[in-house]
Amino acid sequence: MKRSTFSSKFGMLAAAVGSAVGLGNIWKFPYLAGENGGGAFIIVYLLCVLFLGVPALLSELSLGYIGRSNGIGAMRNITGNNRWSIIGILGFLGSFIILGFYFVVAGWSLEFVYQSVMGSFIGQSGEVITQNFDTFRFDTWRPYLWTVVFIVLTAVVLYAGVEKGIEKWSKVLMPMLFVIVAYLCVYAIFLPNSGEGYKFYFDFDFSKINADVVIAALGQAFFSLSLGMGAMMIYGSYIEKGTNLAKTSIQIASLDTLVAVLAGLVVFPAVFSFGIDPAAGPQLVFITLPTVFAQMTGGYIFSIFFFLLLAVAALTSTISILEVQIATVAEEFKMNRKLSLVLVSVIMLVVCCMCSYSLIPVEGGNELVFFGVSLFDICDIITSYIILPLGGLLIMLFLGWFYKKEDLHYVLVVETKCSEGLFKVYYFFLRFIAPLLLLAVFLQQLGLF
Ligand code: TRP
């Protein structure tokens, strides 16, 4: 059977940018910037994207492009044996873990769209909003319901396949996302005191940069570009032969970074407009912002669009992660694609409900909290700290040290028209700089460095 591919360059780019732009950009990036000193963090982040993100992205896309299969199959096709399939296996397992918490947070975004439409934030105080968030999270059915809705939404898109599902929906959802961010950015300019927000965001105080800031930026660059888990590898395998992979990687990284920076341009003016702490952490988007929306003129509209933005961004990302599971199960177990979709969706339903439940304080102790850490947090920690950096490291080590340079040169320069100079720079980063950076992140995150 002929393997599906994306039918147009724009569609392919929309899908890949859709994967990259997600909760990581709109939920995580602003709070990381807030916690790590604003502007200085952004500079470090940009350098990380350039020196680690782009080479890693190009490597992952290339492996998929060359291997023409899911992570496990692609490595087998390339090497002729199963030794490096560990890259695909790791990513396949990682996809269940990452989606375990990602779908839950994505589900929250739907609840917040709903609450925004119902006008539940209007005129409420911070305490009431915090309390409402907890009431919602600890509810016996609402968070599960939204998570299930999100899984079903993702599955419905994927049911239609690569071209009619992923590509078609990304082509609609991604432009929509850009319009919403742009609208909110402009809107934010006119908030009272927005200048303070910009000042914080563009404050390049380099004394604030330390090892922790660098590590946070490196990890975030990796997560935000959807690297290390075979998601970009799958998309690479759907890219038509001859497409310029180097150019595509640079475009994906630029657009992903643009959305992250723009998300900050929405969040910080709003936060400063009402004198709220920008370093509120993970709850910045779900508690701090609704508090801001509650007091802001036009907050009703602003909040609807903001949470819609979050949901759209999350959807095109969950699509790419669930696709890793569907393609892997379908290709490796020779199963019908639709059957494999139903199978992995049901597994995700169970895993996500368990993750969501693990956040609830239960009398006598929650069964899904281990050593004081909830299953939800365990999933987040294992993926960001172990699976993604390890997957990325293996991919770059393989391509830089075990794959023939001439072959890579042929694919990138001759077949896909990357310039000779760019290839040289890329190859140097691939072999030396990027693996060393990754190794540093990895060791640091394991607490060994
Ligand atoms: N990049 C997405 C975000 O920023 C999340 C994501 C999608 C992801 N696919 C991935 C992260 C694969 C790691 C690996 O929210």
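It should be noted that the structure appears before, not after, this text.
Notes on the structure follow. For clarity, every value in this text was computed on a predicted model and none was experimentally measured.

### What about unusual backbone geometry?
So, point 1. Despite not being glycine, Arg68 shows a phi value in the positive range, around 50°.
So, point 2. With respect to the element layout, Arg68 can be found in the loop between helix H3 (39-67) and helix H4 (71-79).
So, point 3. The backbone of Phe371 sits at a positive phi, close to 50°, despite the residue not being glycine.

### Notes on the nonpolar core
So, point 1. Formed by 164 residues in total, the largest nonpolar core has its most connected members in Phe286, Phe306 and Phe307.
So, point 2. For this core, the element with the most residues is helix H14 (residues 299-332), which contributes 17 residues.
So, point 3. The residues contacting Phe307, other than those within four sequence positions of it, are Ser109, Phe112, Val113, Ser116, Phe121, Val285, Phe286, Pro290 and Phe293.

### As for the site of the ligand
So, point 1. What surrounds the ligand is a group of 18 residues, the closest being Ala20, Gly24, Tyr102, Phe223 and Ser226.
So, point 2. Contact between the ligand and Asn25: an oxygen atom at 3.3 Å from a side-chain N or O atom of the residue.
So, point 3. Taking Ser224, its main chain carries an N or O atom lying 3.0 Å from a nitrogen atom of the ligand.
So, point 4. Its free accessible area being 360 Å², the ligand has 100% of it covered by the protein chains.
So, point 5. Broken down by secondary-structure element, the contributors of at least two residues to the shell around the ligand are helix H1 (9-20), helix H2 (23-35), helix H5 (86-117), helix H10 (211-224) and H14.
So, point 6. For the shell around the ligand, the class distribution of residues is 10 nonpolar, eight polar and no charged.

### Points about H3
So, point 1. An ideal rise of 1.5 Å per residue puts 42 Å on 29 residues; H3 measures up with 40 Å between its terminal C-alpha atoms.
So, point 2. Its axis deflected by about 40° at Gly53, H3 carries its strongest bend there, up to four residues before the proline Pro55.
So, point 3. Taking burial as the measure, the 29 residues of H3 include 23 buried ones, the bulk of the element.
So, point 4. Where H3 ends, the next residue or the one after it, Arg68, has phi of about 50°, a positive value.

About the cut-offs
- Residues numbered from 1 in each chain as written.
- Predicted model: local features only at pLDDT ≥ 70, side-chain atom pairs only at ≥ 80, totals over all residues.
- Heavy atoms only, no water.
- Helix = DSSP H or I, 4+ residues; strand = E, 2+ residues; numbered from the N terminus.
- Core = buried A, V, L, I, M, F, W, Y, C linked by side-chain atoms within 4.5 Å.
- Buried < 20%, exposed > 50% of the residue type's maximum accessible area, 1.4 Å probe, protein only.
- Contact = heavy atoms within 4.5 Å.
- Near = heavy atom within 4 Å.
- Polar contact = N/O pair within 3.5 Å; in protein donor to acceptor, adjacent residues only side chain to side chain.
- Areas by Shrake-Rupley, 256 points an atom, 1.4 Å probe, with all protein chains shown as cover.
- Nonpolar A, V, L, I, M, F, W, Y, C, P; charged D, E, K, R; others polar.
- Expected span 1.5 Å × (residues − 1).
- Bend = angle between axes of the 7 residues up to and from the residue.

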